[in-house]
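So the chains spell out like this:
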Amino acid sequence: MMILNKSPFTTRFLSSSASTMVPFRCRTFSVSPLSKSFSFISPRTIWKFSQTRAALVDGRFFASFATSASSWANDNNSNDDEDDGKWDLKTCNNKNRNSNQDRREQNGSGTVDDLNHDIDKASLSSSFFFHHHHDHYRNNPSDRDVTAMTAAAWKQNLGRGQDDAWLKGPRPHSWFTGLHPKNCPGIDQSGTVLHSLPLINLSNLTRQKVQDYFDNTWTLFETLFAGLHGEEGFYRPAPHGLRHPHIFYYGHTACLYINKLRVAGLLSRPVNQYFESIFEVGVDEMLWDDMHKNDMLWPMVSQVWHYRRQVYQTVTQQVIQQQFSDYDHGTNAVVDQSNPLWALFMAMEHERIHLETSSVLFRETPHHLVQTPHYWPSLHPSASSKFDASLEKSIHTPPRSASHDHYKTSHPITGGDYPANAMVEVPHELTITLGKPLDFPSFGWDNEYGTRTVTVPPFAASQYMISNGEYWHFVADGAGYRTREYWCDQGWAWRTFRNAKRPSFWQPAGPDGSHEYRLRTIFDVIPMPWDWPVDVNYYEAKAFCRWKTLSRGGPDSFRLLTEAEHHVLRGSSHNLDSARRDSLADKVMTNSGHVFADDDGLTCTAANLNLSFGSQSPVNGFAPSDTGHYNVTGNAWEWTEDHFNPLDDFKVHPVYDDFSTPCFDGKHNIIVGGSFISTGDEASVFARFHFRPHFLQHSGFRVVTSEHNAPVKHLAASAGGNLESAGLGSECASNDGNKSSDDGGSSSSTSSGSTTTNTYESEATLHMYLGLHYLNSGRKENVSPIIPHDNAPYHGLSFPQRVAQLLVSLQPQSKSNALDVGCAVGGASFELARHFDSVDAFDYSHSFIQAAKRMQSVTEEVHFRLPLEGNIHEVIRAEHPEYMTPALRSKVNFFTGDACQLPLMKSQGLLDIYDGVIMSNLLCRLSDPVSCLNALPLIVKNGGIVVLVTPFTWLSEFTPLQNWLGGYYDSNKNEAVWSQDRLKHIMESNGFEKIHEEDIPLLIREHARKYQYIVSQASGWRKSI
């Protein structure tokens, strides 16, 4: 999806109520459906709009300006040869039409084409006016009356016609702009439930098959939207404010058909230029506190209904019927990525994505604004066992009273209310090859293509996804939402901002603190099904893992699944290899929703998938896969540790060139397996979808443990950041991952968009660093850091402490405070605390910082594995030296931070100005080391000392070649460029004088008989006074 940047411009226009020129400071944008180029509203167009609705208050343009824009959109809707008297809102629509005609005559705009030209030229969105209005009055709080109006600006969309009455209760036949559900492909034999068809096979197409799949896609989406009760639900913003209102998505999927078919050259003109501008671009919310609500005057529901009818007719008549006219009887068409018709199937799969994501927004919509639509699949039968009520809810029924519900709202019992969840081992190392073949006969998004071979070491995964019952104990018994220790920094910030106390779809069924809950489904509030999978975001899943790790104790830690591990858990008859051998092994190619629903549940391919049911189902409801794991596909998506990433040989598709690439940013996590409402490509074995970690979906998780390094893929955060392998530091750290050799430094960064495996968030690496930083560890267990032998390199031990001591030996002018940049697990930081009054210490790795804080604690014990041979290890306690008292340890302030963002951290008050700074083996793992060095004058006092220690181990996977300080040949001068020379030049240009240089060895243990021996260059620099 494309993210648009607002650009400011200033224009002036002549007020219709005054002869003076009124300054109008605006922030707006528009986008052409074909080129996606930006354009701005001309002063002439603004003046012309001002004549239609003179809306000036105190010299400022007002929101009613947008009403004119909205009604102009009706002119496009009137460009239709059909008799509007056939539909329900004849009076309302004809009234709008007459008023538009009168205005055209008054303004001298004689034709619809003239109006289309003006709207196309301006690409006018009414949000233009509200964005300006909101920005201005937010910054001018004295205008309280207008500010109050803006706060509820969405309400201006209500009561403009007869839509509200039309939208309450069962939808009339005319609601469906394509086929009515009872006449639509996918209807069950009883004629009462519409399911999804199988994913269409693109190697065997006829005109009827294409029309059937299109009709099924289109009508399923409109059946969902028949579940909004009245017009308010279409316009009320989501409670979190991060998504457009439903009215946008109602128009968005239709808009994309037209825009993509135009890009592909299959259509030559828009259906409605205005709608195809305002409905084009969706939302990928940047942050959980990005509260932009798109408070604008949207078109009326009836107007968008009319637009959808036009789009349905255009796609059917001008594309499907014409392009497939030769493929009816005995002749089949084949469509692949090179065919313009690929865009048609792209639009269908896009609508199926929004079928699912919109259903999540329905679950967040106030219950009184939704109604269970006819023809929608029923809740899973297990829901009926929870109370004595029919699953067929009436069209509008308020929530049931707790006093009349006979079910268990609290204190679920393991083995009774939900199944005990054992860890089931995958005992052997396996190899997984990701990627969809280019010639596979179904549509796929660009990120599915390419390949990557991943070695998956042995691991254990929970037999079931985490159920509501199991998660209840984290919420209630574990005080999970009140305990900071369980959450990563970003996760805790999200939790506190949202004041989250429980999963979002859990609704209280008793007093606060009683932990009694019901469950919100798409349309209903039902008794809590404790054996259904819990719906949580990534942060909540990670907090549960941390709680479970600490509750259980010992060296084992729980994490989430990885993408590669997920594919290991799939059954042998429904996995990547089987689908590549035979396309029909991808079960969504053969199984419609009702086939999945009718399955006896005894085969490993049975699943709550492809809209078999209208809800989730018990976590143990279908047969397990070959590995003994349940619900590997369907029911609920599973969060993974992997960042959304491109496979090798990834290529964008020119029709939708920004579907995936903006999200290869280290800030989106892959979800796998699909949910009950995943249809089409979403339900394919090759599907690779993703969301930001705070995003709520029909998504849960299962937990994993392993003595090996997780086969995880991570990217660097696009905003810069110092993850050596990008880890999960951009959002929330994993406690397990992939290990790679390093230089004994901290977590650091890669170039934006690079793809690497995780280094510093792995459990194995964390244990390695605990051994490196705390030399006293193992004495009680009688384990030596080095096997005693002649000429043993004991001089390479205690590396962090020696770096700290070097800073002290260079005699800073004062010892008030010090900073440890890239502190890892804190060994050097604690040593600095012996000599400085206070110490700040940060690292990008959350797991490192958490370990450092635990080492700071007086009450906690930290244990880690010391490798001996192969899989044999000794669990030992991490120990401080005897002189490191609790008082000294308390002088250190640990926090996560970014060495490439020192100015930002300084402006945010996270950093001070320091007497001494150390940076140990970090520089050559930063994506932009020069930016880090150039920022040092901001945080070092005059006369202060900086100690830089680095082996200059430059690798392009961490630092782009163009950002290396040295270690390459200058082709122009035909000479070697050495890092230490460049470092000297940069530091001197920033006002530092070199006062010391030496070589410092360090030793990193891999196991009892293998070590990394590294010789770093240490240099001391004094800032000029």
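All figures in this text were calculated on a predicted structure; none of them were measured in a lab. (Residues numbered from 1 in each chain as written. Predicted model: local features only at pLDDT ≥ 70, side-chain atom pairs only at ≥ 80, totals over all residues. Heavy atoms only, no water.)

(A) Local environment of the overall build of the protein. Per the secondary structure count, the protein includes 28 helices and 32 strands. Considering the protein as a whole, with its 1025 residues, one finds that 63% of them fall into the buried category. A sequence separation of at least 24 residues applies to 77% of the contacts in the protein between residues at least 6 apart. (Helix = DSSP H or I, 4+ residues; strand = E, 2+ residues; numbered from the N terminus. Buried < 20%, exposed > 50% of the residue type's maximum accessible area, 1.4 Å probe, protein only. Contact = heavy atoms within 4.5 Å.)

(B) Structural context of the environment of S857. Mapped onto the secondary structure, S857 falls in the loop between α23 (846–856) and β24 (863–869). Overall, the relative accessible area of 19% leaves S857 in the buried class. It is 8.4 Å that separates the C-alpha atoms of S857 and S890, two residues lying 33 residues apart in sequence.

(C) Summary view of the sheet that holds strand β28 (residues 940–950). The sheet built from 7 strands is open, its strands ordered β26-β23-β22-β27-β28-β32-β31 with mixed pairing. Looking at strand neighbours, the two that pair on one side only are β26 (892–896) and β31 (992–1007), the edges of this open sheet. The mean inter-strand angle of the sheet, taken between neighbouring strand axes irrespective of direction, is 15°. In the packing of helix α28 (residues 979–989) onto the sheet, the strands contacted are β28, β31 and β32 (1010–1023), and the crossing angle to β32 comes to about 30°. (Pairing = 2+ DSSP bridges. Axes fitted to C-alpha atoms, helices over the stretch in contact; angles between N-to-C directions.)

(D) Local environment of the pattern of salt bridges. Enumeration according to the criterion identifies 26 salt bridges in this entry. Between K436 and E448 there is a salt bridge, with its nearest N and O atoms 3.5 Å apart. Remark: E448 occurs in the loop between β8 (430–434) and β9 (452–456) and K436 occurs in the loop between β8 and β9; sequence separation between them is 12 residues. Here K436 matches E448 in class, with each residue buried. (Salt bridge = Lys/Arg side-chain N within 4 Å of Asp/Glu carboxyl O.)

(E) Representation of the pairing of strand β12 (residues 517–520) within the structure. Every second residue of β12 is oriented toward a common face, with Y517 and L519 on one face and R518 and R520 on the other, all of them buried. Of the strand pairs in this sheet, β12 and strand β13 (residues 525–527) are connected by 3 bridges, and their pairing is antiparallel. Within β13, the residue paired with R520 across the bridge is V525.

(F) Structural detail: the nonpolar core. In terms of nonpolar packing, the biggest core is built from 153 residues, with W175, L344, F345 and Y471 touching the most fellow members. Among the elements that make up this core, the one with the highest residue count is helix α13 (residues 342–364) (12 residues). Those residues in contact with L344 that sit more than four places away from it in its chain are V210, Y257, L261, V315, V319, I320 and F324. Counting residues in hydrophobic clusters, the runner-up holds 48 residues, among them A804, L807, A833 and I876. (Core = buried A, V, L, I, M, F, W, Y, C linked by side-chain atoms within 4.5 Å.)

(G) Representation of the pairing of strand β23 (residues 838–843) in the model. The element β23 is extensively covered by neighbouring structure, given that 5 of its 6 residues are classed as buried. In terms of strand pairing, strand β22 (residues 817–821) meets β23 through 5 bridges, oriented parallel. Bridge assignment links A818 to a residue of β23, and that residue is V839. In this fold, the crossover linking β22 to β23 by way of helix α22 (residues 827–833) has right-handed handedness. Bridge count for β23 against β26 is 5 bridges, and the pairing is parallel. Directly across from V839, in β26, lies its bridge partner V892. (Right-handed = clockwise from strand over helix to strand, strands pointing away.)

(H) Geometry of the environment of W472. By the secondary structure assignment, W472 is in helix α14 (residues 468–475). By relative accessible area, W472 is classed as buried at 1%. In contact with W472, not counting residues within four places along its chain, are S410, H411, P412, D477, W506, H515, Y517 and W530.

(I) Seen up close, the sheet that holds strand β18 (residues 699–700). Strand order in this open sheet of 4 strands is β17-β16-β15-β18, and the pairing throughout is mixed. Of all strands in the sheet, those bounded by a partner on one side alone are β17 (689–691) and β18.

(J) Representation of the environment of G967. For G967, the location among the structural elements is in the loop between β28 and β29 (968–970). For the pair G967 and L955, spaced 12 residues apart in sequence, the C-alpha to C-alpha distance is 9.9 Å. Dropping the residues within four chain positions of it, G967 is found in contact with V977, W978 and S979.

(K) Structural view of the packing of aromatic side chains. Under the definition given, this model contains 57 aromatic pairs. Seen from their ring centres, W494 and Y539 are 6.4 Å apart, and the 40° between their planes marks the pair as tilted. Placement of the pair is W494 in helix α15 (residues 489–498) and Y539 in helix α16 (residues 538–552), with a sequence separation of 45 residues. Judged on exposure class, the residue W494 and its partner Y539 are both buried. Directly above the ring of W492 sits R495, whose terminal nitrogen or CZ lies 4.5 Å from the centroid. (Phe/Tyr/Trp six-rings, centres within 6.5 Å; stacked < 30°, edge-to-face > 60°. Lys NZ or Arg CZ within 6 Å of the ring centre and 35° of its normal.)

(L) Representation of α14. A large share of α14 lies buried, amounting to 8 of its 8 residues. Taken together, the buried positions of α14 are occupied by N468, G469, E470, Y471, W472, H473, F474 and V475. Next to the buried residues of α14 lie β11 (506–508), β12 and α16.

(M) Region of the structure containing the confidence of the model for the protein. For the protein, per-residue confidence averages 80 on the pLDDT scale, and 76% of positions sit at 70 or higher. Segment residues 284–293: pLDDT under 50, and 33 contacts once partners within four positions in sequence are set aside and those in other chains are kept. Note that pLDDT drops below 50 for residues 717–731; the model gives that stretch 86 contacts with residues more than four away or on any other chain. (pLDDT = per-residue confidence, 0-100.)

(N) View of the side chain of H690. Tracing the sequence through the fold places H690 in strand β17. Each residue touching H690, except ones within four places of it in the same chain, is listed here: F644, C663, H668, N669, I670 and I671.

(O) Inspection of the packing of α14 against α16 at higher detail. Running from N to C, α14 and α16 cross one another at 70°; their axes reach a closest spacing of 10 Å. The orientation of α14 relative to α16 falls into the category roughly perpendicular. Contact residues: α14 offers E470, Y471, H473 and F474, while α16 offers E540, A543, F544, W547 and K548. Of the residues contributing to the contact of α14 with α16, the split by class is 5 nonpolar, 1 polar and 3 charged. (Parallel < 35°, antiparallel > 145°, perpendicular 65-115°, else oblique. Nonpolar A, V, L, I, M, F, W, Y, C, P; charged D, E, K, R; others polar.)

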